[in-house]
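Below are the chains, spelled out letter by letter.
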Amino acid sequence: MGRPGDRPSVITARGLRKSFEVKGGATVEAVRGIDLEVPAGQAFGFLGPNGAGKSSTMRMIACVSPRTSGELRILGRDPAVDGVAIRARLGVVPQQDNLDEELSVRENLFVYGRYFGLPRARCWQRADELLEFAQLTEKSGAKVENLSGGMKRRLTIARSLMNEPEVLLLDEPTTGLDPQARHVLWDRLFRLKQQGVTLILTTHYMDEAEQLCDRLVVMDGGVLVAEGSPAELIAGYSTREVLELRFVPGEQTAAEPLVAGLVERVETLPDRLLLYTPDGDRTLAEVTERGVRPVSALVRRSTLEDVFLHLTGRSLVD
Amino acid sequence: MTVHDTSPATAASRWPGGTRAVVEYLVLGWRRYLVSSLSEAVGAPLLYLLALGLGLGALVDRGSGGGALGGVGYLDYIAPALLTAAALQVGVGESAYPAYSRFKWTRVFLGISATPVSPRQIADGQLLFVALRVVTGAVLYYLVLLAFGAAGGGWGPLMVVSGTLTACGCAAWILALDSVLTSEGGVFNVLFRFVIVPMTLFSGSFFPVDRIPAALRWVAWVSPLWHGNELARTAALGGAAGVPAARLLLHAVVLLALLGTGVAVARRGFDRRLLR
């Protein structure tokens, strides 16, 4: 897996595994042997339901979780040996913010720069640059506890950039944010990508994955179930279009046998039939010809969400 | 396929300046409550000395106290113990809720562990900061004792050293406790009420340990505070404290062992908590 390019690999994994001992002595296998190859400068996404093993993988890549077995190289080095040196070149945006709420916005950045051994003057200077980048200059002296969720997230991202990392790891960077805040964040991440920073992110949002990622893997149950660019995944795991037929709840089952055989895949939901088809309009005409009368019909393009639900199922995981 | 990392080797190499950066961060946070912590450091001894040293002391000195205390006035008798107990309070206070919250609630330690700074350095930095808080408080306490004429002679300043050693020995073990607690569940309240308070009362702080029934005297012997009190009292009163030289050495060894083992266990705990 992975495609050899002219750019060197930032992350290479072969048969990477992680298992945890939980209370009672049982072992949970969070990651069950995955192969990864991420070239420098790429925006690489992990998609998957909760419990799929995304965060465990991210923690191994961040060198804060020793792998159970398999091979892993980050920036060409082994985390088990060179964790400290690797962490010096990474930026990490955790799933939950862990800023110091008592310190000011600017002090949070200063303190973080010191952990990377930057001189004090350089820390203050870099803090001011990043406050501008994160559109937080006006909040520079404010206590973190008084910031909105979106501001805290931007500050966490700014903080992760203090050491000018070559690789930025983002674990669900926009979960819980309003649409405006998400778009501002996407814009900032896009700029970083243009500057050549490798982005590794996990997300539940398909639009986020489509917006940001050059390449994606879908994880489920600790293994990779699909890999490719957003367009490749849609082409490989869904059809070009989806015809959604909406019914009074219950009546869709009666229509189900009528549309059978028209398209390669039909999905039955409580109030809808989803017909996966290369040409939605033509399929709608055929459906109408067969006497199916839905309350409403909608033809749309296939999205990553269709791929995701197809691969990982519709039932709740937790 | 090879198996890696049965021990967290990721922590093995040291990042120069990591411990110092952690101390710097904690000092920056301390500035927010500097005024309140310093005024407490001066105010508390004033109150204790007035109430216990002068108030209660006047009664003790007039009664049979003088003889039981080896001819030492009550104020002089309790002053070294008050300093040591205050140091212990600061050490325990800083290493309980505030340090635990950095694992659990603010998760600041997790943020630091994503940088080159290792969990062991986080543990060391946190303990050094506790030591700094303790030393500051103990020096101020010493100055207040000086004003009351209860600071002992030329060796008196050594009370600051023995008090800091006592407090840090306990603090290291509380940091180790922080690193294994997944939910607080009132553990610290139990610690304060059923360990720290009895320790303060029955460690030869306010009356000699030989007043405790022989069967219960072991309570004092296992108490770090008793070892600290004996050292501090000898620093202030010299021979009048009545502690033989061999026992002084033993006290110092016990407290150093408490600190050494505490640091080792805390470092290991931080490793296990932050590198999973």
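Preceding this paragraph is the structure being described.
I will try to describe carefully the structure that is included in this document. Nothing here was measured: the structure is a model prediction, and the numbers come from that model. (Residues numbered from 1 in each chain as written. Chains lettered and ligands numbered in written order. Predicted model: local features only at pLDDT ≥ 70, side-chain atom pairs only at ≥ 80, totals over all residues. Heavy atoms only, no water.)

**Examining the overall build of chain A**
Alright, step 1. What chain A contains, in helices and strands, is 11 helices and 13 strands.
Alright, step 2. With the C-alpha coordinates of chain A rotated into their principal frame, the extents come out at 75 × 50 × 45 Å.
Alright, step 3. By residue count, 53% of the 318 residues in chain A fall in the buried class.
Alright, step 4. Across chain A, every contact between residues at least 6 apart in sequence was considered, and the portion connecting residues at least 24 apart equals 69%. (Helix = DSSP H or I, 4+ residues; strand = E, 2+ residues; numbered from the N terminus. Buried < 20%, exposed > 50% of the residue type's maximum accessible area, 1.4 Å probe, protein only. Contact = heavy atoms within 4.5 Å.)

**A look at the pattern of salt bridges**
Pairs may arise between side chains of opposite charge once their charged atoms sit close together.
Alright, step 1. Taken as a whole and judged by the stated rule, the model has 34 salt bridges over all chains.
Alright, step 2. Salt-bridge contacts for arginine 126 of chain A lead to glutamate 129 of chain A; the nearest nitrogen and oxygen are separated by 3.1 Å. Of the two residues, arginine 126 of chain A and glutamate 129 of chain A are both situated in helix α4 (residues 120-133); the distance of 3 residues between them amounts to about one turn of the helix.
Alright, step 3. In this structure arginine 126 of chain A comes out as buried when scored by relative accessible area, which is 11%.
Alright, step 4. We note a salt bridge from arginine 120 of chain B to aspartate 271 of chain B, for which the minimum N-O separation is 2.6 Å. One end of the pair, arginine 120 of chain B, is in helix α7 (residues 119-147); the other, aspartate 271 of chain B, is in helix α12 (residues 245-274), and 151 residues separate them in sequence. (Salt bridge = Lys/Arg side-chain N within 4 Å of Asp/Glu carboxyl O.)

**Description of the nonpolar core**
Alright, step 1. Ranked by internal contacts, the top residues of the largest apolar core, which has 111 residues, are Phe46, Tyr115, Leu168, Leu169 and Ile200 of chain A together with Ile112 of chain B.
Alright, step 2. Other than its neighbours up to four places away in sequence, leucine 169 of chain A contacts Met58, Ile61, Ala62, Leu90, Gly91, Val92, Val93 and Ile200 of chain A.
Alright, step 3. Core analysis: the next-biggest nonpolar cluster, separate from the first, contains 24 residues, Leu75, Tyr141, Ala150 and Phe206 of chain B among them. (Core = buried A, V, L, I, M, F, W, Y, C linked by side-chain atoms within 4.5 Å.)

**Focus on a nonpolar patch on the surface**
All names here are of chain B.
Alright, step 1. A surface patch of nonpolar side chains, amounting to about 760 Å² of accessible area, comprises Val197, Leu201, Phe202, Leu216, Trp218, Val219, Trp221 and Val222.
Alright, step 2. Element by element, the count of residues in the nonpolar patch is highest for helix α10 (residues 218-221), at 3 residues.
Alright, step 3. Its place among the elements puts leucine 216 in the loop between α9 (187-201) and α10.
Alright, step 4. Assessed through its relative accessible area of 45%, leucine 216 is described here as partly exposed. (Patch = residues over 30% accessible without salt bridge, like charges linked within 9 Å, V, L, I, M, F, W, Y side chains within 5 Å. Areas by Shrake-Rupley, 256 points an atom, 1.4 Å probe, with all protein chains shown as cover.)

**Thoughts on helix α9 (residues 252-259) of chain A**
All names here are of chain A.
Alright, step 1. Of the positions making up α9, those classed as buried are Gln252, Ala255 and Val259. Along α9, the residues classed as buried sweep out an arc of 60° about the axis, all on the same side. In α9, the exposed positions angled more than 90 degrees off the buried face are occupied by Ala254 and Pro257.
Alright, step 2. Close packing links the buried residues of α9 with β11 (265-268), β12 (272-277) and α10 (280-289).
Alright, step 3. Following α9 by one or two positions, glycine 261 adopts a phi angle in the positive range, close to 90°. (Arc of directions from axis to C-beta.)

**Some thoughts on the interface of chain A and chain B**
Alright, step 1. Contacts between chain A and chain B engage 41 residues on the former and 34 residues on the latter.
Alright, step 2. When chain A packs against chain B, the two sides together hide about 3,200 Å² of surface, and 54% of this comes from carbon and sulfur.
Alright, step 3. In terms of surface lost to chain B, no three residues of chain A exceed Val84, Arg87 and Tyr115 of chain A, which account for 22% of the buried area on that side.
Alright, step 4. At the junction of chain A with chain B, the criterion picks out 4 salt bridges.
Alright, step 5. Among the salt bridges present, the one from glutamate 24 of chain B reaches arginine 114 of chain A, with a minimum N-O distance of 2.7 Å.
Alright, step 6. Put simply, chain A and chain B have 13 residue pairs in polar contact (both at pLDDT 80 or more) between them.
Alright, step 7. Mapped by element, the contributors of at least two residues to the side of chain A that touches chain B are β1 (9-21), β4 (69-74), α2 (79-87) and α3 (105-115) of chain A. (Buried area = accessible area lost by both parts, 1.4 Å probe. Polar contact = N/O pair within 3.5 Å; in protein donor to acceptor, adjacent residues only side chain to side chain.)

**Brief notes about the sheet that holds strand β6 (residues 167-171) of chain A**
Residues and elements named next belong to chain A.
Alright, step 1. Judged by pairing direction, the sheet is mixed, and its 6 strands sit side by side in the order β5-β6-β7-β3-β8-β9 without closing on themselves. A strand with exactly one partner marks an edge of an open sheet, and here the two such strands are β5 (90-93) and β9 (223-228). Between one strand axis and the next, the sheet turns through 15° on average, direction left out of account.
Alright, step 2. Relative to strand β7 (residues 198-203), strand β3 (residues 43-47) runs parallel, the two sharing 5 bridges. Residue phenylalanine 44 lies in a different strand from β7, and its bridge partner there is isoleucine 200. (Pairing = 2+ DSSP bridges. Axes fitted to C-alpha atoms, helices over the stretch in contact; angles between N-to-C directions.)

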